[in-house]
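Examination of the molecular architecture
One letter stands for each residue in the lines below.
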Amino acid sequence: MSKTSNTILALVTGAAIGAGLGLLYAPESGDKTRKKISKNAKDAKKKLEKQIQETSEHLSASAKDAKKSFDAKLEDTLKTASSKADNILVSMEKKLEELRKKNAKATDDVVEEVKDIDVPTAKA
């Protein structure tokens, strides 16, 4: 169980035990005892509602902090991934340019070889 659940459970348990002990050791009449029990129950209810409200506020704040942290980490991860993708694209562009140059040189070499070939011409 979480710390908050334990606190709420302890509060409710304490209120129940207190009410039970109040009944056992009450020197007053039943009517007065019932009024005291009712008052103690209302007080316990108020404390429980206050604890629930505080816990709700705490959880809400924790959730907001967690979301901010997640968003910051996500943004950082995206920036890193974008940077790496840019580096990959630059490398690929360099390789592509190298291949174009090699292909152009190979084409030029083939053209020169073709020019050097003696092609017999037909005599009319």
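Coordinates for the structure precede this section.
The following paragraphs examine the structure supplied in this document. (Residues numbered from 1 in each chain as written. Predicted model: local features only at pLDDT ≥ 70, side-chain atom pairs only at ≥ 80, totals over all residues. Heavy atoms only, no water.)

1. A look at the overall build of the protein
Basically, it comes down to this: In this text, helices come from DSSP runs of H or I with a minimum length of four residues, and strands from runs of E with a minimum of two, each type numbered from the N-terminal end. For every residue, the accessible area (1.4 Å probe, protein chains only) is compared with the maximum for its type, and the residue is labelled buried under 20%, exposed over 50%, or partly exposed between those bounds. The protein chains shown are the only cover counted for residues, whose accessible areas, like all others here, come from Shrake-Rupley with a 1.4 Å probe. Under this rule, positive means Lys or Arg and negative means Asp or Glu; His and the chain ends count for nothing. Note on charges: their place is set at NZ of Lys, CZ of Arg, CG of Asp or CD of Glu.
For the protein, the helix and strand inventory stands at 2 helices and 0 strands. Taken over the C-alpha atoms alone, the protein extends approximately 145 × 20 × 20 Å along its principal axes. Out of the 124 residues in the protein, the part that is buried amounts to 2%. Accessible surface for the protein amounts to roughly 11000 Å². Of this, 61% is attributable to carbon and sulfur atoms. Considering the protein, the positive charge centre built from 25 side chains and the negative charge centre built from 20 side chains are found 17 Å apart.

2. Re the environment of T77
The test is simple: What qualifies as a polar contact is a pair of N or O atoms within 3.5 Å, subject to a donor-acceptor requirement within protein and to the restriction that residues adjacent in sequence count only when both atoms come from side chains.
Mapped onto the secondary structure, T77 falls in helix α2 (residues 30-116). At a separation of 2.8 Å, a polar atom in the side chain of T77 contacts the main-chain carbonyl oxygen of K73.

3. Some details on the side chain of T55
Secondary-structure assignment places T55 in helix α2. A distance of 2.8 Å separates a polar atom in the side chain of T55 from the backbone oxygen of Q51.

4. With respect to the pattern of salt bridges
Put simply, the rule is: By definition, a salt bridge exists where a carboxyl oxygen of Asp or Glu is found within 4 Å of a side-chain nitrogen of Lys or Arg.
In total, this model carries 4 salt bridges according to the counting rule given. The salt bridge partner of K67 is D71, with a shortest N-O separation of 2.9 Å. Remark: D71 and K67 occur in helix α2; sequence separation between them is 4 residues, near one turn of the helix. Among the ionic pairs, R100 bridges to E97, the shortest N-O distance being 3.8 Å. Remark: E97 and R100 occur in helix α2; sequence separation between them is 3 residues, near one turn of the helix.

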